[in-house]
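Coordinates in review
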Amino acid sequence: MPNNQIKLEISRCLSCPQAPCMMACPLHVSPRDFIAFAKRGNYAESVKAIYNKNPLGLICGHVCPDTFCMKACTRCKIDSAVKIPSIQAVLIRRYGQEISATKKIEANEKKVAVIGSGPAGIGAVWKLLELGFSVELFEGSDKLGGSLNLIPQERLPRQAVEHDYQRIFQSDNFTLHLSTMVRKPETLFNQGFCGVIVAVGTQEVNNLGIEGEEHIVSYVDYLSQPEKYAKAQKIAIIGGGKVAADCALTAHKQNAETIHMFIRRNISDMRMSETEKEELKSYGVEINPLTRVTKVEEQSQVYTCKLAKTKVIEGKCVDDSDIPSKEEQYDLVIKAIGGNKIAIQENPRILCAGDCKNGATTVVEAIASGAEAAENLKATLKF
Ligand SMILES: Cc1cc2nc3c(=O)[nH]c(=O)nc-3n(C[C@H](O)[C@H](O)[C@H](O)COP(=O)(O)OP(=O)(O)OC[C@H]3O[C@@H](n4cnc5c(N)ncnc54)[C@H](O)[C@@H]3O)c2cc1C
Ligand code: SF4
Ligand code: SF4
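Parameters at a glance
Residues numbered from 1 in each chain as written. Chains lettered and ligands numbered in written order. Predicted model: local features only at pLDDT ≥ 70, side-chain atom pairs only at ≥ 80, totals over all residues. Near = placed C-beta within 6 Å. Nonpolar A, V, L, I, M, F, W, Y, C, P; charged D, E, K, R; others polar. Buried ≥ 20, exposed ≤ 12 C-beta atoms within 10 Å, placed from the backbone. Helix = DSSP H or I, 4+ residues; strand = E, 2+ residues; numbered from the N terminus. Right-handed = clockwise from strand over helix to strand, strands pointing away. Pairing = 2+ DSSP bridges. Domains from an automatic or database assignment. Contact = placed C-beta atoms within 7 Å. Axes fitted to C-alpha atoms, helices over the stretch in contact; angles between N-to-C directions.

With that out of the way, let us pick up the site of ligand 1. Neighbouring residues of ligand 1: 38 residues in total, closest Gly 116, Gly 118, Gly 146, Gly 201 and Gly 354. Partitioning the shell around ligand 1 into residue classes produces 20 nonpolar, 13 polar and five charged.

And the structure:
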């Protein structure tokens, strides 16, 4: 966002006494306060106010949806919400280099393990360090960040992820183990850990349970290696949320000629803002509401999708047998529906956090969940 526009956005904030924006933020970051510091030209304090509440403040500035602080913003009743995430991102990008990471409280000489380096794992690491624990982070892949790595660069530049992660990892009490899968959290107790926080994400993509499902590529495969599918010109995307939108954006970037999105419900039920829907249309994406892919057949790498119309009755989505089904051919069919939460046996010393506990959520909610697990672990361990 250009300088003059950010200044304008900052000036639109009404400094509301009740700060509804803060109440709506899962981490209770206070836009009212960090904007007030910025208004006075005290940018260092502004950035500190963000990072004191949110260790991944820059990342959230890029990806927080408009359903939290912005939705609650008082200005919605007057004209439109203050663009809080953009202000947050710009302030940190410009003035956030020098701000140190965690405020450490008295060390308690106890070691906690965190499994998974996505936002929930990092929320847990950040809070545990602040609470005085030594923390070891175990990440199964050779890359930090979990699902953040699937968000296209245009929406989340990788430098933003590096910037926020580096700040946390500066602590002396922190050790990182990459490429280390932990399949049985309880085995870590033999290594001197007094507690474990499991933040392993949803991982699995939901099954559609339709004939020919093996011909459908999952969003994880597509978004982690889009170049592998760069030749596909006619693309079908099953799903209508943020993940589906990122698949469409990626396909558009790769110059796909036709991008069809299929959603079983109405366009108004899609979990994205009107601006995001308009953006998709500007990429030439055709959104097909009340449509279900019921079968996929492959012949010579051409995929024929059978499409049935659906209707919503008392909140339930059912096939509409009055409308005949039709068929369309594609070069690639992508499944972009969220994964399930994972059933992990929790006990007072093994706590779960983030998407593995709550199902597919958002970055800011995952961080909050990780931080909450850390607080709960401390309460259980009675330090
Ligand atoms: C394409 C896409 C776009 C998105 N867009 C947005 C957006 O715009 N805004 C937003 O707020 N949210 C968005 N999200 C959602 C957000 O990314 C997730 O809610 C968040 O990353 C969940 O964090 P998590 O830490 O619970 O899990 P994850 O981020 O999935 O991290 C889990 C980590 O655990 C590791 N792991 C798994 N098993 C093991 C094991 N046994 N041992 C060691 N490590 C293990 C994995 O390798 C991974 O690194 C998007 C998600 C996707 C996929
Ligand atoms: S609700 Fe909106 S206008 Fe009010 S303090 Fe928060 S950001 Fe500013
Ligand atoms: S962290 Fe996200 S939800 Fe919270 S105030 Fe910042 S932009 Fe809004």
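The rest of the description comes next.
Turning next to the pairing of strand β6 (residues 234-238). Summarising burial for β6: four of the five residues are buried, a large majority. As a crossover connection, the stretch from β6 through helix α11 (residues 242-253) into strand β7 (residues 258-262) is right-handed. Bridge analysis of β6 against strand β13 (residues 332-335) gives four bridges, and the strand direction is parallel. By the bridge assignment for β13, Ile 235 is matched with Leu 332.

With that out of the way, let us pick up the domain arrangement of the protein chain. According to the domain assignment, the protein chain consists of domain 1 (3-95), domain 2 (111-203 + 340-381) and domain 3 (213-335). Relative to domain 2, the C-alpha centre of domain 1 lies at a distance of 26 Å. With 14 residues of domain 1 in contact, the opposing surface of domain 2 contributes 19 residues. Looking at the side of domain 1 that touches domain 2 residue by residue, the class counts come to eleven nonpolar, three polar and no charged.

Right, let's talk about the sheet that holds β13 for a bit. Within the open sheet, the five strands sit side by side as β5-β13-β6-β7-β8. Their pairing is parallel. Each of the sheet's edge strands pairs with one partner strand only, and the pair in question is β5 (217-218) and β8 (285-288). Here five bridges tie β6 to β7, and the two strands are oriented parallel to one another. When the bridges of β7 are listed, Lys 234 appears paired with Thr 258. The sheet contacts of α11 involve β6, β7, β8 and β13, and relative to β7 the element is tilted by about 175 degrees.

A separate point is the environment of Asp 331. When you line up the elements, Asp 331 lands in the loop between β12 (326-330) and β13. Residue contacts for Asp 331: discarding those within four places in its chain leaves Ala 232, Gln 233, Lys 234 and Ile 235.

Right, let's talk about the site of ligand 2 for a bit. What surrounds ligand 2 is a group of 14 residues, the closest being Cys 13, Cys 16, Cys 21, Arg 32 and Cys 73. Put simply, the parts of the chain that give the shell around ligand 2 at least two residues each are α2 (20-24) and α3 (31-39). Of the residues in the shell around ligand 2, the class split is ten nonpolar, two polar and two charged.

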